[in-house]
Amino acid sequence: MVSASDFDALQHPDRCSPTSRTPRLGPSRLSSTRRSQSHSSSWFRRKRAKMLLALIALLASFFFVNWFMLFRLQYQHDAPHPIPKPTLRSSSASISLQGKVNNKTGNKKQSQKGNYVRLLALAAHALAENKREPKDLWQEPFVPASAWRPCADQRNWEPNEGKNGYILVTANGGINQQRVGVCNAVVVARLLNSTLVIPKFMYSSVWRDVSQFSDIYQEEHFINYLTPDIRIVRELPKELQSLDLGAIGSVVTDVDMEKEAKPSFYLKRILPIIRKNQVVHFVGFGNRLAFDPIPFELQRLRCRCNFHALQFVPRIQETGALLLKRLREHSGLVGPLDHHLVGPFAESIKEKGEHNAKKAAKYLALHLRFEIDMVAHSLCEFGGGEEERKELEAYREIHFPALALLKRTTRLPSPSELRSEGLCPLTPEESILMLAALGFNRKTQIFIAGSNLYGGHSRLVALTSLYPKLVTKENLLSSTELEPFANYSSQLAALDFIGCTASDAFAMTDSGSQLSSLVSGFRIYYGGGRMPTIRPNKRRLASIFMKNSTIEWRVFEQRMRKAVRQTKHVQTRPKARSVYRYPRCKDCMCRTD
């Protein structure tokens, strides 16, 4: 420690120079004056030293506080966490390897979070300042968006009698892919003038759900609503039930069909089979019908099926209404999409005994598509090193054998190349940094869909440390309320669909996700230009995150907002793109201007 005299000597070396000292000859007026000056100088030196010590203490405390915040962000996952660990009730896959993966990935969670610990600390500082949210954060470009209104319910043709035999469909994938398969099957039945048997859902080793159509959707409403379009029955006639469909060549698998086959394929290849055998069975039927070229009325039928004919069963609607009520913190508010999602149970959202609703409680829905199946299929890396690579390779061998073989026999893009092209799913840490940069304040209520994350529930720590009002359906609904849906991932995914679609703002992390596509399309179709959706351009975001070790928060914030703002413009459906995701087209919606 530098003494006051030493500090003064460093600043004024002439005062302590040997040549400046003279022997004292005795008391005099001059010496008395010097003693007074010396006393005054000594007082100033002591005061200056105290100020220096205070400054040093202040700087030390500042660095300690910063160090402590970084320490908390880095190691908070060791502390107890308020969000319970997701169980098999989660809306994502119930996976045989999930338990092993969760146990093994404890060490690598730190590696991934370590990539962004600096930005997470900067985000924490920014949120602590509690700045005002940007004006357009909870809004769509209203004028151009509100110019479109739903009209897929309008028909301009005679009923189809279904004279050309019967179509059986077994749709594959999860609930959202199955929904697309059902809508495509309805259109194919009309195209071939055939009778559609109520679709069945294929059991998946990934989703592990035995739910069938009537467990999720209202079968009676589906049949009655589409009667003016196609003929629908619950089962094959008895004389056809005993046929060996495989032996007579009436089974068509997804391998036999190209992805997004054109109507001409069905007319040339499938119609002759139906006329000959009176029945055809599509096995693994999903995304097997093109969006273009397709006749106008058939395209409209596809929209009509998705947005009008498929309604969840009352059991799901009732629990969905309860979920919305708690997400809105019992404000009594009924959202613009509630009646389309939960039907008559929307009225139960209103608080009894209250004439005026409380202040509207907004919430943001975030779909984290970061389950192990998505992570493994992406072929990306997420900071877990060799252990992570081995685990994902083992998962691919079991669940994606064709992809595993392709990876061994073909030169594929490297993980870094995939990331730079925006082909990797956003991690939970990247997703929460995006929301913070966009300006959502710390008090924002965030509903997380797809909470069975790769790496376990502790990956949510980065999110809850910045946004403490983060919830999942497992938080908001009791075990008793969720019990009827236990081990039915598709029915649980329906609750996530309701929570995301009805939200005041919806943020997706993977634009290729079927749930995100269907949710965003539903919000466009019924939202009246008031239901904003955040669609990040992952390629742009990847270039921003690559500079995470040097970029300043202000620059990160500006670049992130610009990248996301460019995706919020209102556009009509691009050619050959999904009408489920882009319903703003003459086939599904009508312009009012």
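Parameters and conventions
Residues numbered from 1 in each chain as written. Predicted model: local features only at pLDDT ≥ 70, side-chain atom pairs only at ≥ 80, totals over all residues. Heavy atoms only, no water. UniProt positions renumbered as here; feature names shortened; annotations may be inferred. Helix = DSSP H or I, 4+ residues; strand = E, 2+ residues; numbered from the N terminus. Buried < 20%, exposed > 50% of the residue type's maximum accessible area, 1.4 Å probe, protein only. Contact = heavy atoms within 4.5 Å. pLDDT = per-residue confidence, 0-100. Core = buried A, V, L, I, M, F, W, Y, C linked by side-chain atoms within 4.5 Å. Domains from an automatic or database assignment. Pairing = 2+ DSSP bridges. Axes fitted to C-alpha atoms, helices over the stretch in contact; angles between N-to-C directions. Expected span 1.5 Å × (residues − 1). Bend = angle between axes of the 7 residues up to and from the residue. Salt bridge = Lys/Arg side-chain N within 4 Å of Asp/Glu carboxyl O. Right-handed = clockwise from strand over helix to strand, strands pointing away. Lys, Arg positive; Asp, Glu negative; His and termini not counted. Polar contact = N/O pair within 3.5 Å; in protein donor to acceptor, adjacent residues only side chain to side chain. Patch = residues over 30% accessible without salt bridge, like charges linked within 9 Å, V, L, I, M, F, W, Y side chains within 5 Å. Areas by Shrake-Rupley, 256 points an atom, 1.4 Å probe, with all protein chains shown as cover.

Identification of the protein chain as O-fucosyltransferase family protein from Vigna unguiculata is taken from an unreviewed UniProt entry. Taken from UniProt, the Subcellular location (unreviewed entry) comment for the protein chain reads in full: "Membrane". Its UniProt record gives the protein chain the following Pathway (unreviewed entry) comment, quoted word for word: "Glycan metabolism."

## Structural notes on the overall build of the protein chain
Check the secondary structure of the protein chain and you find 26 helices and 13 strands. Within the span of the protein chain, comprising 593 residues, buried residues form 52% of the whole. Taking as baseline every contact in the protein chain between residues at least 6 positions apart, the subset at least 24 positions apart corresponds to 81%.

## Here we look at the confidence of the model for the protein chain
Per-residue pLDDT for the protein chain has a mean of 84; in total, 80% of the residues score no lower than 70. Taken as a whole, residues 1-37 scores under 50 in pLDDT and shows 22 contacts with residues more than four places along the chain or in a different chain.

## Section: unusual backbone geometry
Each neighbour pair has its own omega, and for Asp 292 with Pro 293 the value is -10 degrees, a cis peptide bond. If you trace the backbone, Pro 293 turns up in the loop between β7 (279-285) and α12 (296-309). The backbone phi angle of Glu 260 is positive, close to 55 degrees, even though this residue is not glycine. Looking at the element boundaries, Glu 260 is found in the loop between β6 (251-253) and α11 (263-277). In this structure Glu 260 comes out as partly exposed when scored by relative accessible area, which is 29%. With phi around 65 degrees, Leu 379 is a residue other than glycine that occupies positive phi space. For Leu 379, the location among the structural elements is in the loop between α15 (372-378) and α16 (385-399).

## What about the nonpolar core?
Counting residues in hydrophobic clusters, the biggest one holds 93 residues, and the most contacted among them are Ile 167, Phe 222, Tyr 266 and Phe 282. Looking at this core, the element that brings in the most residues is helix α7 (residues 175-191), giving 9 residues. Looking at this core, you find at least three residues from each of domain 1 (126-146 + 313-370 + 425-591) and domain 2 (166-309). Leaving out residues up to four positions away in the same chain, Tyr 266 has contacts with Val 188, Leu 191, Leu 192, Met 257, Ala 261, Leu 271, Phe 282, Phe 285, Arg 288 and Leu 289. Counting 57 residues, the second-largest nonpolar core is a separate cluster that includes Cys 380, Leu 418, Ile 448 and Leu 460.

## A short note on the sheet that holds strand β12 (residues 533-534)
With parallel pairing, the 5 strands of this open sheet are ordered in space as β10-β9-β8-β11-β12. This sheet does not close on itself; its edge strands, each paired only once, are β10 (470-471) and β12. With 4 bridges connecting them, strand β8 (residues 363-367) and strand β11 (residues 505-508) associate as parallel partners. Note that in β11 the partner of His 367 across the bridge is Met 508. The sheet strands contacting helix α13 (residues 314-327) are β8, β9 (445-449) and β10, and the helix crosses β9 at an angle near 150 degrees. Packed onto the sheet, helix α23 (residues 489-501) meets β8, β9 and β11 and runs at close to 145 degrees relative to β9.

## Examining α11
In this model, α11 (15 residues) spans 20 Å end to end at C-alpha, consistent with the 21 Å of a helix rising 1.5 Å per residue. Its axis deflected by about 40 degrees at Ile 270, α11 carries its strongest bend there, up to four residues before the proline Pro 272. Among all positions of α11, only Pro 263, Phe 265, Tyr 266, Ile 270, Leu 271, Ile 273, Ile 274 and Asn 277 are buried. Buried positions along α11 lie against β2 (166-171), α7, β6 and β7. A positive phi of about 70 degrees marks Gln 278, the residue just after α11.

## Describing the pattern of salt bridges
Tallying each qualifying case throughout the model produces 25 salt bridges. When the shortest N-O distance is used, the salt bridge between Arg 304 and Asp 229 registers 2.8 Å. Of this pair, Arg 304 sits in helix α12 while Asp 229 sits in the loop between α9 (219-226) and β5 (232-233), and the two are 75 residues apart along the sequence. Of the two residues examined, Arg 304 and Asp 229, each falls in the buried class. The residue Arg 573 makes a salt bridge to Asp 292 at a minimum N-O spacing of 3.0 Å. With a gap of 281 residues between them, Arg 573 in the loop between α26 (553-565) and β13 (589-591) and Asp 292 in the loop between β7 and α12 connect regions that are remote in the sequence. Here the salt bridges share partners, and the residues they tie into one network are Arg 155, Asp 229 and Arg 304.

## Some details on the pairing of β11
Of the two faces of β11, the one carrying Ala 505 and Ala 507 and the one carrying Phe 506 and Met 508 are both buried. Alignment of β11 against β12, held across 2 bridges, turns out to be parallel. The partner of Phe 506 across the bridge, within β12, is Thr 533. With helix α24 (residues 514-527) bridging β11 and its parallel neighbour β12, the resulting β-α-β unit is right-handed.

## So, the side chain of Arg 302
Looking at the secondary structure, you find Arg 302 in helix α12. Buried and without a salt bridge, Arg 302 has Asp 292 as its closest oppositely charged side chain, separated by 7.1 Å. A polar side-chain atom of Arg 302 sits 2.8 Å from a polar atom in the side chain of Asn 184.

## Overview of the pairing of β7
A large share of β7 lies buried, amounting to 6 of its 7 residues. Inspection of the sheet shows β6 paired to β7 by 3 bridges, in the parallel sense. Bridging from a neighbouring strand, Val 252 pairs with Phe 282 of β7. Viewed along the sheet, the connection from β6 through α11 into β7 turns out right-handed.

## Here's the deal with a nonpolar patch on the surface
A contiguous nonpolar surface patch, about 300 Å² in accessible area, is contributed by Tyr 203, Val 210 and Tyr 488. Mapped onto the fold, Tyr 203 is located in the loop between β4 (200-201) and α8 (213-216).

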